[in-house]
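Spelled out, the chains give:
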Amino acid sequence: MTQPITFITLSADQDSAKELRDALCSNQRTRLLASCDTAEQMYADAMRLQPAAAIIVLGTNNPEREYNLVKRLAAASPSMALITAAHNASPALILSSLRAGAREFIQLPIIAEELKTVLERTEEFCQSQRLTQKKKGRVITVFSSKGGTGVSFIATNLAAAMGAPTLLADLNLQAGDLDTFLGVEPKYSIADLVKNRSRLDETLIASYITSPSANLSLLAAPSEAHEADDIKPEHIFEVMHVLREHYAYTVLDLQHTFDPITVAAMDEADSILLVLTLDIPGIRNAKRALKVFEQIGYTREKVHIIVNRWSKQVDVEMQKVEKHLGERIVGFVPNDYRKVMDSINLGQPLIQSDPSSKISVEIKRIAAMFSGGTEMPVAQPRKGFLGSIFNRNAAPAPLEFRTTLDKV
């Protein structure tokens, strides 16, 4: 699934506003960020949210105010696709809106085929703009549908390894604890950011995040579990859209379920890092997650699989695992319980406290895959058994493990 087209809409008429909202929210190719009822509100939201497109319903009697808004938006944000709409589809009205700066016109009530054509042309325009625009920040989600795989550790260290201004956001809303991984005590959380999302700017965002180091910032989970109840999927879309404008990378630590918040975050992400451990439950849950990704419509290029707590003592044929998953494994984070626990207890990412450790080296290599770095990939266990490459004398794992894999 390609990145959805983000919209804001303006309509003083509630029926027209609902019609547009229903049409955009029911289409997988579109994402509605805000519905406005005044020109001032739309202009402010357009400047704050930077949507890909805006739909402006023209006034019934005197559309001059809407024409002026179209002109202002066209001048302030030429990369935004401006679309006008009206019940009166007279040639004079359409021509006037196009002269003001609109690219398309939609007849109300909405005609499905006409809307489809307008969206296709809008998507083409947005794609051409993306090629010429300054690249927005990337969003990377770290996920496992099974608890205990070390997702929070991976997310924390991946964020610390990006080498550019990076925000680490804790979307484990009920039980997030990334603050302990970074040794900080945040005053605010994502709940505060969501409450004030209508007026977010660089200064306000900075007041809600905690910065343990120069290039790393934390947006913490709510300190009280009940605060998570006020955060909705549409809030995640809106907040992530704004954060892209302020950080080169945003790394999201997700819950271990396909709840609406988690799916909203993965929808908005450029990449999903799926973490598994080399045991039967870990492989089975990774397979299930991949099936869900396929059902949702994520492309293969969006999902990247890594193994955490890899050990040369685990004698699993990687080619068989990859064939079972239907995907290649792109990273192997070594198992070193003592180093990991020391870094967590210290409240400092292992990337920073022990940058030369094998874990740090591998996580930096994985980070380079997303950041476009030039770090060369290390030799990975790809052929035969892991033990045959890294330790030919290692004792084989129990036969039951190998034979059970065939039944997963």
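The residue count restarts for each chain, going from 1 along the sequence in the order it is written. Residues qualify for local features only when their pLDDT is at least 70, as the model is predicted, and side-chain atom pairs are given and counted only at 80 or more; totals for whole chains, interfaces and linings, by contrast, use all residues. Each side-chain value is derived from all of the structure's non-hydrogen atoms; neither hydrogens nor water enter the calculation.

### As for the side chain of Thr84
Note the cut-off: Counting from the N terminus, the helices are the DSSP runs of H or I reaching at least four residues and the strands are the DSSP runs of E reaching at least two. Note on definitions: a residue-residue contact is assigned when non-hydrogen atoms from the two residues lie within 4.5 Å.
Examined against the element boundaries, Thr84 turns out to sit in strand β4 (residues 81–86). Those residues in contact with Thr84, other than ones at most four positions away along the chain, are Ile56, Leu58, Val70, Ser97, Ala102, Glu104, Phe105 and Ile106.

### Quick word on the packing of helix α3 (residues 64–76) against helix α4 (residues 91–100)
What counts, and what does not: Fitting a line to C-alpha atoms yields each axis, with helices limited to the stretch in contact; the angle taken between N-to-C directions then spans 0 to 180 degrees. Each angle receives one of four descriptions, namely roughly parallel if under 35 degrees, roughly antiparallel if over 145, roughly perpendicular if within 65 to 115, and oblique otherwise. The nonpolar class holds Ala, Val, Leu, Ile, Met, Phe, Trp, Tyr, Cys and Pro. Asp, Glu, Lys and Arg form the charged class, and all remaining residues, Gly among them, are polar.
Running from N to C, α3 and α4 cross one another at 30 degrees; their axes reach a closest spacing of 8 Å. Considering their axes alone, α3 and α4 lie roughly parallel with respect to each other. Every residue of α4 that contacts α3 at Tyr67, Val70, Lys71 and Ala74 is listed here: Leu93, Ser96, Ser97 and Ala100. Looking at side-chain class alone, the contact of α3 with α4 contains 5 nonpolar, 2 polar and 1 charged residues.

### A short note on the environment of Leu273
Put simply, the rule is: Under the scheme applied here, a residue whose accessible area is under 20% of the maximum for its type counts as buried, over 50% as exposed, and between as partly exposed, the area being computed with a 1.4 Å probe on protein chains only.
By the element assignment, Leu273 lies in strand β11 (residues 271–276). Judged by relative accessible area, Leu273 falls into the buried class, the value being 0%. For Leu273 and His304, which are 31 residues apart along the polypeptide, the C-alpha to C-alpha distance reads 5.0 Å. Apart from residues lying up to four places away in sequence, Leu273 is in contact with Thr141, Val142, Phe143, Ile154, Leu158, His304, Ile306, Ile366 and Phe370.

### As for the nonpolar core
Definition in use: Joining through side-chain atoms within 4.5 Å is the link that ties buried Ala, Val, Leu, Ile, Met, Phe, Trp, Tyr and Cys residues into a set, and such a set is a nonpolar core.
Counting residues in each nonpolar core, the largest one holds 75 residues, and the members touching the most others are Met42, Ile236, Leu274 and Phe293. At 6 residues, helix α10 (residues 233–244) tops the list of elements feeding residues into this core. With residues near it in sequence (within four places) discarded, Met42 still touches Ile8, Thr9, Leu10, Cys36, Ala54, Ile55, Ile56, Leu69 and Leu73. Formed by 34 residues, the second largest nonpolar core is a distinct cluster that contains Met162, Ala164, Leu273 and Ile351.

### Quick word on α4
A turn of α-helix holds 3.6 residues, and therefore any two residues three or four places apart point the same way. To keep things clear, this is the line we draw: Working definition: the arc comes from the directions between the helix axis and the C-beta atoms, pointing outward to the latter.
Every buried residue of α4 is accounted for by Leu93, Ser97 and Ala100. Taken down its axis, α4 places every buried residue within 60 degrees of arc, on the same side. Opposite the packed face of α4, turned more than 90 degrees from it, sit the exposed residues Pro91, Ala92 and Arg99. Here the buried face of α4 lies against α3, β4 and β5 (104–107). Just beyond α4, the residue with positive phi is Gly101, at close to 135 degrees.

### Thoughts on the pairing of strand β7 (residues 166–170)
Filter applied, for reference: Strands were regarded as paired on the criterion that DSSP finds at least two bridges between them.
Taking burial as the measure, the 5 residues of β7 include 5 buried ones, the bulk of the element. Residues Thr166, Leu168 and Asp170 line one face of β7 and the alternating positions Leu167 and Ala169 line the opposite face, and both faces are buried. Of the pairings in the sheet, the one linking β7 to strand β9 (residues 216–219) comprises 4 bridges and is parallel in character. Counterpart to Leu167 in the pairing with β9 is Ser217.

### So, the pattern of salt bridges
How we decide: We define a salt bridge as a side-chain nitrogen of Lys or Arg found within 4 Å of a carboxyl oxygen belonging to Asp or Glu.
The tally for this structure, following the rule as stated, stands at 14 salt bridges. Residues Lys116 and Glu120 are paired through a salt bridge, measuring 3.2 Å at the closest nitrogen-oxygen approach. One end of the pair, Lys116, and the other, Glu120, are both in helix α5 (residues 112–132), 4 residues apart, so they sit about a helical turn from each other. The salt bridge involving Arg244 is made with Glu268; its shortest N-O contact spans 3.5 Å. With Arg244 in helix α10 and Glu268 in helix α11 (residues 260–268), the pair connects residues that are 24 residues apart, well separated along the chain. Considered together, Arg244 and Glu268 belong to a single accessibility category, that of buried residues. Salt bridges sharing common partners tie together Asp45, Arg48, Arg197 and Glu238.

### Digging into the confidence of the model for the protein
Heads up, the rule is: Every residue is assigned a pLDDT by the predictor, reflecting its confidence on a scale from 0 to 100.
For the protein, the mean per-residue pLDDT works out to 87, and 88% of the residues sit at or above 70. For the protein, helix α17 (residues 386–390) is the element with the lowest average pLDDT, namely 35, and strand β3 (residues 53–57) is the one with the highest, namely 97. Low pLDDT, under 50, characterises residues 382–404; the stretch is placed with 47 contacts to residues that sit more than four places away or in other chains.

### Details of the sheet that holds β4
Read from one edge of the open sheet, 5 strands run β2-β1-β3-β4-β5, paired in parallel fashion. The sheet terminates laterally at β2 (30–36) and β5, the two strands that pair on one side only. Strand after strand, the sheet turns through a mean of 25 degrees between neighbouring axes, direction not considered. Relative to β4, β3 runs parallel, the two sharing 5 bridges. The residue bridging Ile56 from the neighbouring strand is Thr84, located in β4.

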